[in-house]
Amino acid sequence: AQTVTQSQPEMSVQEAETVTLSCTYDTSESDYYLFWYKQPPSRQMILVIRQEAYKQQNATENRFSVNFQKAAKSFSLKISDSQLGDAAMYFCAYRSPNTGNQFYFGTGTSLTVIP
Amino acid sequence: EAGVVQSPRYKIIEKKQPVAFWCNPISGHNTLYWYLQNLGQGPELLIRYENEEAVDDSQLPKDRFSAERLKGVDSTLKIQPAELGDSAVYLCASSLGPISYEQYFGPGTRLTVT
């Protein structure tokens, strides 16, 4: 099974500053999808951003962007101009079309935003 | 548009008791997922439904866990009997189909077994 590793259990950032959350994954597949999900304390997970492995261009959604390094199997999330509402658990996830599109999640990074 | 609905939000039971969780996916979503999320961990898939068919239940502990989605809409996950180690959050998610790459999650049910 694919594994997803988030090596930073906790991160903190000053409001309005930029923070980068790390994610690496292990796979032998060439076609897959990568995601970052946000889980606020209310526990409802929401999609932040997604990346298709066949696309070389890094995905961007407003203040959120990724640095996708396919050869290195790295998928980091950059949050610019951090806001208090960004405080949450962030999960990196891998989706494989070859295993029934099953999602594999990392262990998460808890982000604290300091006012 | 209503999101994924789960109930109850919280449940406390004694070990060896049965418990059931209910999930109503977003209207029109054929694919439904049940996940287990332990404290400090990411979600782990328990079972995936395509309409009323369970297409991936390899991670479901079948000795005590069961699930159903009889009409291909809402779903129930049951544990009987519950054990202390079952304390966790049970998440339900849905998507338009198996190749639709976005999942929508419900708020989860936090189960505490005492």
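Above this note sits the structure.
Presented here is a report on the structure given in the accompanying data block. (Residues numbered from 1 in each chain as written. Chains lettered and ligands numbered in written order. Predicted model: local features only at pLDDT ≥ 70, side-chain atom pairs only at ≥ 80, totals over all residues. Heavy atoms only, no water.)

## Re the overall build of chain B
Then comes step 1: A count of helices and strands for chain B gives zero helices and eleven strands.
Then comes step 2: Walking chain B from its N terminus toward its C terminus, one meets helices and strands in the order β-β-β-β-β-β-β-β-β-β-β.
Then comes step 3: Its C-alpha atoms give chain B a radius of gyration of 13 Å, near enough to 13 Å, the size a compact globule of 114 residues would have.
Then comes step 4: Referenced to the eigenvectors of the C-alpha coordinate spread, the extents of chain B come out at roughly 40 × 25 × 25 Å. (Helix = DSSP H or I, 4+ residues; strand = E, 2+ residues; numbered from the N terminus. Rg over C-alpha atoms; globule rule 2.2 N^0.38 Å.)

## Quick notes on the packing of aromatic side chains
Then comes step 1: Applying the stated criterion to the full structure yields 18 aromatic pairs over all chains.
Then comes step 2: Ring pairing ties together the aromatic residues Phe35(A), Tyr37(A), Phe103(A), Phe105(A), Tyr33(B), Tyr35(B) and Phe105(B), which thus form one cluster. (Phe/Tyr/Trp six-rings, centres within 6.5 Å; stacked < 30°, edge-to-face > 60°.)

## Considering the sheet that holds strand 8 (residues 75-79) of chain B
All names here are of chain B.
Then comes step 1: Taken together, four strands build an open sheet; the order of strands is 1-3-8-7 and the sheet is antiparallel. Taken across any chain shown, the strands that pair with only one partner, and hence form the sheet edges, are strand 1 (5-7) and strand 7 (65-68). Neighbour to neighbour, the strand axes of the sheet diverge by 15° on average, direction disregarded.
Then comes step 2: Note: strand 1 against strand 3 (residues 19-24), three bridges, orientation antiparallel. What sits directly across from serine 7, in strand 3, is tryptophan 22. (Pairing = 2+ DSSP bridges. Axes fitted to C-alpha atoms, helices over the stretch in contact; angles between N-to-C directions.)

## So, the side chain of Glu29(A)
Residue and element names in this part refer to chain A.
Then comes step 1: Relative to the elements of secondary structure, glutamate 29 occurs in the loop between strand 4 (24-26) and strand 5 (33-39).
Then comes step 2: Buried and unpaired, glutamate 29 has no salt bridge, with lysine 73 as the nearest side chain of opposite charge at 9.9 Å.
Then comes step 3: Here the side chain of glutamate 29 touches serine 96 through a polar contact of 2.8 Å, side chain to side chain.
Then comes step 4: Those residues in contact with glutamate 29, other than ones at most four positions away along the chain, are Gln2, Tyr94, Ser96 and Asn98. (Buried < 20%, exposed > 50% of the residue type's maximum accessible area, 1.4 Å probe, protein only. Lys, Arg positive; Asp, Glu negative; His and termini not counted. Salt bridge = Lys/Arg side-chain N within 4 Å of Asp/Glu carboxyl O. Polar contact = N/O pair within 3.5 Å; in protein donor to acceptor, adjacent residues only side chain to side chain. Contact = heavy atoms within 4.5 Å.)

## A short note on the interface of chain B and chain A
Reports of interface size often rely on the accessible area that becomes lost once the parts have come together.
Then comes step 1: Each partner contributes to the interface: chain B provides 25 residues, whereas chain A provides 20 residues.
Then comes step 2: A buried area of about 1800 Å², summed over both sides, lies between chain B and chain A, and 47% of it is on carbon and sulfur atoms.
Then comes step 3: When the buried area of chain B at its contact with chain A is split by residue, Pro43(B), Tyr101(B) and Phe105(B) rank highest and sum to 33% of it.
Then comes step 4: Seen at the junction of chain B and chain A, the total is one salt bridge.
Then comes step 5: At the junction of chain B with chain A, the criterion picks out six residue pairs in polar contact (both at pLDDT 80 or more). (Buried area = accessible area lost by both parts, 1.4 Å probe.)

## Some details on the state of the cysteines
Then comes step 1: All chains considered together, the criterion is met by two disulfides over all chains.
Then comes step 2: Across a sulfur-sulfur distance of 2.0 Å, Cys23(A) and Cys92(A) are joined as a disulfide pair. One disulfide, between Cys23(A) and Cys92(A), carries an S-S torsion of -70° and so falls in the left-handed class. Of the two residues, Cys23(A) is situated in the loop between strand 3 (19-21) and strand 4 and Cys92(A) in strand 10 (residues 88-96); the sequence distance between them amounts to 69 residues.
Then comes step 3: Owing to a relative accessible area of 2%, Cys23(A) belongs among the buried residues under this scheme.
Then comes step 4: Judged by its relative accessible area of 1%, Cys92(A) is buried.
Then comes step 5: In this model Cys23(B) forms its disulfide with Cys92(B); the gap between the sulfur atoms is 1.9 Å. (Disulfide = S-S within 2.5 Å.)

Geometry only, nothing functional implied.
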